[in-house]
Amino acid sequence: AQSVTQLGSHVSVSEGALVLLRCNYSSSVPPYLFWYVQYPNQGLQLLLKYTTGATLVKGINGFEAEFKKSETSFHLTKPSAHMSDAAEYFCAVLIYNQGGKLIFGQGTELSVKP
Amino acid sequence: NAGVMQNPRHLVRRRGQEARLRCSPMKGHSHVYWYRQLPEEGLKFMVYLQKENIIDESGMPKERFSAEFPKEGPSILRIQQVVRGDSAAYFCASSIGTGKLINEKLFFGSGTQLSVL
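Basis of the calculations
- Residues numbered from 1 in each chain as written.
- Chains lettered and ligands numbered in written order.
- Predicted model: local features only at pLDDT ≥ 70, side-chain atom pairs only at ≥ 80, totals over all residues.
- Heavy atoms only, no water.
- Phe/Tyr/Trp six-rings, centres within 6.5 Å; stacked < 30°, edge-to-face > 60°.
- Helix = DSSP H or I, 4+ residues; strand = E, 2+ residues; numbered from the N terminus.
- Buried < 20%, exposed > 50% of the residue type's maximum accessible area, 1.4 Å probe, protein only.
- Salt bridge = Lys/Arg side-chain N within 4 Å of Asp/Glu carboxyl O.

A.B. asks: Outline the packing of aromatic side chains, listing residues and values.
C.D. replies: Taken as a whole, this structure holds 13 aromatic pairs over all chains when the rule is applied. With centroids separated by 6.5 Å and ring planes inclined at 50°, the aromatic side chains of A:Y50 and A:F74 adopt a geometry described as tilted. Of this pair, A:Y50 sits in strand β5 (residues 44-50) while A:F74 sits in strand β8 (residues 73-78), and the two are 24 residues apart along the sequence. There is no split in this pair, since A:Y50 and A:F74 are both buried. Taking the centre distance of 6.3 Å and the plane angle of 75° together, the rings of A:F104 and B:F108 count as edge-to-face. With A:F104 in strand β10 (residues 101-104) and B:F108 in strand β10 (residues 107-108), the pair connects residues from two separate chains. Taking the relative accessible area as the measure of exposure, B:F108 reaches 9% and is therefore buried. Among the aromatic side chains, those forming a connected cluster through ring pairs are A:F34, A:Y36, A:F90, A:F104, B:Y35, B:F45 and B:F108.

This is the structure in C-alpha cells:
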C-alpha cells in the first residue's frame, strides 16, 4: 500500500527565509510523487512532480523538491520565501496502475511573515 | 479555454436533504476524478469516471453516495440524505485520459463547499 506523511501541519517563515516542507512516502513500487499548492478558495495547482530520472525536480514559482529513495522523502524547498507563497501545500503519490489515483498527505499550511 | 468548472461553490443543506454537485471538465478531457477534503485533512479519493463509465469507486462510501459522468453534460456527485459528517469541500479534477497519468496533468476545480445544518 502507498501512503504519504507530511510533517508539520503549520509552518511559519519570515519573508526571504528558506522554505522547507517535509514529505515522506511509503510505497512498495517506485513512486511517482507530486507537490500541489492550494491558494484560498481555489483548486489545487501542480507545483512539480517526480516520475523518473533526475532526482532534483524544479517546479513553478521557484520551488524545487528532491527525491531521496534512501530516506523515502520528497521534501519541498524554496530558497527565499515571498508573501505570495502563503498557501496550503500537499504532497501526493500516484497509484499509477489504477488509472491515476492520487494519495494525498494531510497538507501543510505555510505562513509568511513580513 | 476554461478550466474545470464546479458549481455551486457553496451548498447548504439540512440533514436528510439531497446534495448534487456538478463538475464540467476541461474541454477535451474525458476523465474525471472526485476528491473530498474534510476539515484539517488532505484530499481523499472518492471516484474515477470516464464518459458513461465508473472506473474506480473504491473511495466512495457504500451508501448514499453516487456519481455519474454522462455522455453529454457535467459529472454529478450525488449525496442522498445528507448528514453533518458529509460537510466538506468536494473537488473535481479532470485529465485528458491517455491512461498514463504520469505523463499527464490533473486539473482541479475550485471545489464545492458543502455545509450540512
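Past the structure itself, the notes keep going.
A.B. asks: Lay out the pattern of salt bridges with the relevant residues and their values.
C.D. replies: Per the counting criterion, the structure on display carries 6 salt bridges over all chains. We note a salt bridge from A:D85 to A:K78, for which the minimum N-O separation is 2.9 Å. Owing to a relative accessible area of 2%, A:D85 belongs among the buried residues under this scheme. The partner of B:D86 in a salt bridge is B:R64, with the nearest N and O atoms 2.7 Å apart. Taken together, the residues span a long stretch of sequence, with B:D86 in the loop between β8 (75-79) and β9 (88-95) and B:R64 in the loop between β6 (53-56) and β7 (65-68) at a distance of 22 residues. The exposure class assigned to B:D86 is buried, which follows from its relative accessible area of 3%.

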